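# Geometric and topological summary
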Amino acid sequence: MSFKATPILGSAALLALTGCIDPADYETAPVTVETAKGPVVCQLYRKRQVIWDEAISIPPGMSIKEGDQICINEGKRRLRG
C-alpha cells in the first residue's frame, strides 16, 4: 500500500462508520420556534450537538437554508442552557 492510498482508505472507513449512525435514534420531540416570518418547526437531535438539527416545517417565503439555520441556532441556544 502506498502512502497516497492511506488518506483514501481513512476517508472510506470514516464514511462507512458514519453510515452506521442513524440520526433518527437521537431525535427529540419537534420544537416550534416563532420567527418574524412565522413558526419554524425544528427536529433537534442530540443534546450536545447541533450538526443534524434541521427544519421540518417552514413558513411560506422562508428558504429551507434559513429554516435550518434557525433550528441550528435553537439547538445552540439550548446547548448553552
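Presented here is an overview of the structure given in this document. Note on numbering: residues in each chain are counted from 1, in written sequence order. In keeping with the model being predicted, local features are shown solely for residues with a pLDDT of at least 70 and side-chain atom pairs are shown and tallied solely at 80 or more, while totals for entire chains, interfaces and linings include all residues. By convention in this description, side-chain values take in all heavy atoms of the structure and omit both hydrogens and water.

### Overview of the sheet that holds strand S1 (residues 31-35)
Our working rule: Between any two strands, pairing holds if DSSP finds at least two bridges. Helix and strand definitions here come from DSSP, where helices need a minimum of 4 consecutive H or I residues and strands a minimum of 2 consecutive E residues; each element is numbered from the N-terminal end. Angles here are taken between N-to-C directions and fall from 0 to 180 degrees, while the axes themselves are lines fitted to C-alpha atoms, restricted in helices to the stretch in contact.
Sheet architecture is open: three strands sit in the order S1-S2-S3, paired in antiparallel fashion. Edge positions in the open sheet fall to S1 and strand S3 (54-57), since each of these has one partner strand only. Adjacent strand axes in the sheet meet at a mean angle of 45°, parallel and antiparallel pairs treated alike. Looking at chain direction, strand S2 (residues 38-43) and S3 are connected through three bridges and run antiparallel. Bridge pairing in S3 links Gln43 to Glu54.

### Section: the pattern of salt bridges
Selection rule: The salt bridge criterion pairs a side-chain nitrogen of Lys or Arg with a carboxyl oxygen of Asp or Glu, the two atoms within 4 Å. Buried means the residue's accessible area, taken with a 1.4 Å probe over protein chains only, is under 20% of the maximum for its type, while exposed means over 50%, and partly exposed covers the values in between.
Taken as a whole and judged by the stated rule, the model has three salt bridges. Two residues, Lys37 and Glu66, come together in a salt bridge whose shortest N-O distance is 3.0 Å. With Lys37 in the loop between S1 and S2 and Glu66 in helix H2 (residues 64-80), this pair connects stretches of sequence that are 29 residues apart. Look at Lys37 and you get partly exposed, because its relative accessible area is 45%. Ionic pairing is found between Glu74 and Arg77, a salt bridge with its closest N-O pair at 2.7 Å. You can see Glu74 and its partner Arg77 sitting in helix H2, three residues apart, about one turn around the helix. On the accessibility criterion, Arg77 (44% relative accessible area) is partly exposed. Put simply, Glu74, Arg77 and Arg78 are held in one network by salt bridges that share partners.

These results come straight from atomic positions and should not be treated as a statement about function.
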